[in-house]
Amino acid sequence: MSNAKNLKIKQIDTKKIFFNELSIMKNMIFWVGVIPNEETPKNAIFARPFNDKNAIPQKLTDDNFHVKSNFHGYGGKSYQCIEVHDKVYLVWIDQLSKALWLKIFRVQEVVENDNEYLLCDDEPRQLTESIEINFDTSFVSKNNLLYGLCEIEQRDYLFSLNLKKTKQEIRKIKKFDNFVGNLSSNISANLLSWIEWNTASMPWERNELFFATIDNDGEIETIKKFSNKLINEDKNVSFFQPYWLSENILVCSEDSTGWWNLLFLDITDIKNIILKKKIIKPLTEYGSPQWVSGISFFSGNIKNLFCVAKKENGWVLEHYQNCECIQELKLPFCSISDLDAFGRKLVIRGCSFGCSDELFECDFEEQSHNKLLNEINFEAVNEYARPASFWFKGFNNQSTHSFIYKPLFEMFTKSPLIVRAHSGPTACFDGSLNSEVQHWTSRGFTVAEVNYGGSSGFGREYRERLNYKWGILDSYDCKALVLELIRLNLVDSSKVAILGNSAGGLTAINALCDGDFFKVAICKYPVLDLNDMYENTHRFEKGYLNSLIGEYSKFRNQYKRRSPIYKINKLKKPVLLFHGKKDLVISYKNTLQIKEKLLKSNKNSEVIIFDNEGHGFKNTNNKKQVLIKTQEFIEKTLDI
């Protein structure tokens, strides 16, 4: 690989603006970005005019804030823009003061300074006292009251605040028995909606849709759980993003057909909720697993509703007026991260095959959406290895999906193979540009990304393949793909590595232990001990193991049998493990425990611990070190 070391692949520009948590209001777009030149990374909220790519971003929150959500452990959207008369109320979560903050802006019609598009006459106001609370930002505003959801000491609450007061104690309106999310309201905010799910399941496995009336004093009058014999009376159903379009019409998606499809409800009478329209489109997903809050597939109003949906390996954008689809556009994206609309203005953050995340802005009033399809720069595509969709027979001979990336350069008679097992394990590979994948393909490797049974984007039945089989089916599917690639004479069977992060680490090590397909495994912050995970993982994810393995009291032996930590003595192949001491999801102590046992019987294995990393590495230098160390390890262990 001496020649390969001299190859250089095009790197993603580290100075590029990443439009995280994208929003649009009036003629302004908002997003969360990292404050540069900070020793400890902090997030701030930025803004600039819609469709003005040359505009200098205006920073709306200063360096005294770290804008971030920790709701239900994994967080999500950390701020919300609320339109009040002609002003923009910006409410955000600050991790430094442990409080909610408010800043009121007015849009400047004529910009006098380079980047002062929004003017504020007052200093930001601390709405809540400083307290250990995890806030969600699906806020609802009415009569100077702000309604929201929060998590206090392992319980979820609906609360209210007075927008004119400072450092106030939150007013708890309702205490929930279970998890809650997706708070929303109609235009007058006298009707609320939300979803709930119990602690024994995850929101995409089963949840319930609720509605409530609220009086002028801010108290809940009536609560109604939605139930319909055509939807959810006799089966597990997951509702996704209930979103109000008008005073009485709500749209959401639900997966009673096995796919998240659109549902329009009429809530003119909360006691008699009417199913206005149900749209059934097989192989199309208007939703995704809700690991974080604030995921948006719908935005707009009854006159102009915009929806995105995953269809096979691509995406479509639909434009609805009065619940009727008037236009469908096929989008050249492999993934979409954000969608928001204001009137007929639309912003989307997505990426196409071979291109990194980009912000796309279009105005349907001016028909500029036609430009959207031509804006993506495909020049970079030829510089990267592109994914090819590849189906193979996996567990129980079921058709299983993967992406295959062929080497950019033919450097071997038969190329070595790197198999990637995704985390989640409900996540999926979508073909998005990944610098590590491109690193390997530029060095003559074939890379395979396995959407093993349990992955999302292929319907409920595909997701539920993994029920009670995590640690078995996922590893089997990875091995089955390798066997098929070897049968097709596409890779070198003696040089196969498997990589996995988090849940993918469990998949990778279990695959390494079983059979001779894989020669080495490299894992970041891996799940090693399911017993420990059950005992110590955070509240949101604790119930996940009920479906992945089984109820702990009944299946305790399976928790041990599928845990890599109990297989170390028979593991003779090399393993490279990385972990961070600040990991709150999977304790690094499991990796330290495995280190001592592993290195005694397996001299070629290595364990590297980072003091300043959590679950998901952020530090750029650490990421580079991981990649360099991984390459050295693979070259050594696979004799390349």
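Here the residue numbering is sequential within each chain, running from 1 through the sequence in written order. Per-residue local features of the predicted model are confined to residues with pLDDT of at least 70, and side-chain atom pairs are confined, for both listing and counting, to 80 or more; whole-chain, interface and lining totals are unaffected and use all residues. Working from all heavy atoms in the structure, the side-chain values ignore hydrogens and water.

1. Describing the sheet that holds strand S2 (residues 28-34)
Note the cut-off: Here the rule is simple: two strands pair whenever DSSP picks up at least two bridges between them. The numbering of helices and of strands both runs from the N terminus, where a helix is a DSSP run of H or I of at least 4 residues and a strand a run of E of at least 2.
Strand order in this open sheet of four strands is S1-S2-S3-S4, and the pairing throughout is antiparallel. A strand with exactly one partner marks an edge of an open sheet, and here the two such strands are strand S1 (20-25) and strand S4 (58-59). Direction of pairing for strand S3 (residues 43-49) relative to S4: antiparallel, over a ladder of two bridges. The partner of phenylalanine 46 across the bridge, within S4, is lysine 59.

2. Looking at a positive patch on the surface
Note the following rule: In this scheme, patches are assembled from residues that exceed 30% relative accessible area and form no salt bridge. Like charges are connected within 9 Å, while nonpolar side chains (Val, Leu, Ile, Met, Phe, Trp, Tyr) are connected within 5 Å. Computed with the Shrake-Rupley method and a 1.4 Å probe, the accessible areas treat only the protein chains shown as cover for residues. Put simply, a salt bridge is a Lys or Arg side-chain nitrogen that is within 4 Å of an Asp or Glu carboxyl oxygen. Lys and Arg are tallied as positive, Asp and Glu as negative. Neither His nor the chain termini are counted. Lysine's charge is taken at NZ, arginine's at CZ, aspartate's at CG and glutamate's at CD.
Taken together, the side chains of Lys68, Lys98, Lys618 and Lys623 present a region of like positive charge at the surface. You can see lysine 98 is positioned in the loop between strand S6 (87-94) and strand S7 (99-107).

3. Things to note about the sheet that holds strand S30 (residues 358-363)
Which entries qualify depends on this criterion: Throughout, an axis means a line fitted to C-alpha atoms (over the contacting stretch in the case of helices), and angles, computed between N-to-C directions, take values from 0 to 180 degrees.
Taken together, the three strands give an open sheet; going across it, the order is S28-S29-S30, and neighbouring strands pair in antiparallel fashion. Sheet topology places strand S28 (335-342) and S30 at the edges, where each strand pairs with a single neighbour. In this sheet, neighbouring strand axes are inclined to one another by 15 degrees on average, regardless of whether the strands run parallel or antiparallel. Relative to strand S29 (residues 345-351), S28 runs antiparallel, the two being bridged by seven bridges. Considered in S29, the bridge of aspartate 338 is made with arginine 349.

4. A short note on the pattern of salt bridges
Here is the rule: Classification of residues uses two cut-offs on accessible area relative to the type maximum, computed with a 1.4 Å probe and protein chains only: under 20% is buried, over 50% is exposed, and between them is partly exposed.
Evaluation of the coordinates by the stated rule reveals 28 salt bridges. Across the salt bridge formed by glutamate 318 and lysine 281, the nearest N and O atoms sit 2.5 Å from each other. Highlighted residues: glutamate 318 in strand S26 (residues 314-321) and lysine 281 in the loop between strand S22 (274-278) and strand S23 (284-285), separated in sequence by 37 residues. According to the relative accessible area criterion, glutamate 318 is buried, its value standing at 1%. Using a relative accessible area of 25% as the deciding quantity, one classes lysine 281 as partly exposed. Among the salt bridges present, the one from glutamate 484 reaches arginine 487, with a minimum N-O distance of 2.7 Å.

5. Thoughts on the pairing of S26
Judged by how many residues are buried, S26 sits mostly within the fold: seven of eight residues are covered. Relative to S26, strand S25 (residues 305-311) runs antiparallel, the two being bridged by seven bridges. Bridge assignment links lysine 310 to a residue of S26, and that residue is tryptophan 315. Hairpin connection, S25 to S26: the antiparallel pair is bridged by two residues, and glutamate 312 has positive phi, about 55 degrees. If you look at the hairpin formed by S26 and strand S27 (residues 324-331), you'll find two residues sitting between the two strands, and asparagine 322 has a positive phi there, around 55 degrees.

6. Focus: the side chain of glutamine 558
Heads up, the rule is: Pairing of N or O atoms within 3.5 Å defines a polar contact, subject to two protein rules: one partner must be a possible hydrogen donor and the other a possible acceptor, and residues neighboring in sequence count only if both atoms are side-chain atoms.
Relative to the helices and strands, glutamine 558 resides in helix H10 (residues 552-561). A distance of 3.0 Å separates a polar atom in the side chain of glutamine 558 from a polar atom in the side chain of arginine 562.

7. Here's the deal with a nonpolar patch on the surface
A cluster of nonpolar side chains, namely Leu408, Phe409 and Met411, defines an oily patch on the protein surface of about 230 Å² accessible area. Residue placement: leucine 408 occurs in the loop between strand S32 (399-405) and strand S33 (415-421). Residue classification places leucine 408 among the partly exposed residues on the basis of a relative accessible area of 30%.

8. Topic: the state of the cysteines
Using the following cut-off: Cysteine sulfur atoms are paired as a disulfide whenever they fall within 2.5 Å.
According to the stated counting rule, one finds zero disulfides in the structure shown. In this structure cysteine 120 is a free cysteine whose sulfur lies 13 Å from that of cysteine 81, the closest cysteine sulfur available. This cysteine, cysteine 334, is not joined by any disulfide, and cysteine 351 carries the nearest cysteine sulfur, 3.8 Å off. In this structure cysteine 334 comes out as buried when scored by relative accessible area, which is 2%.

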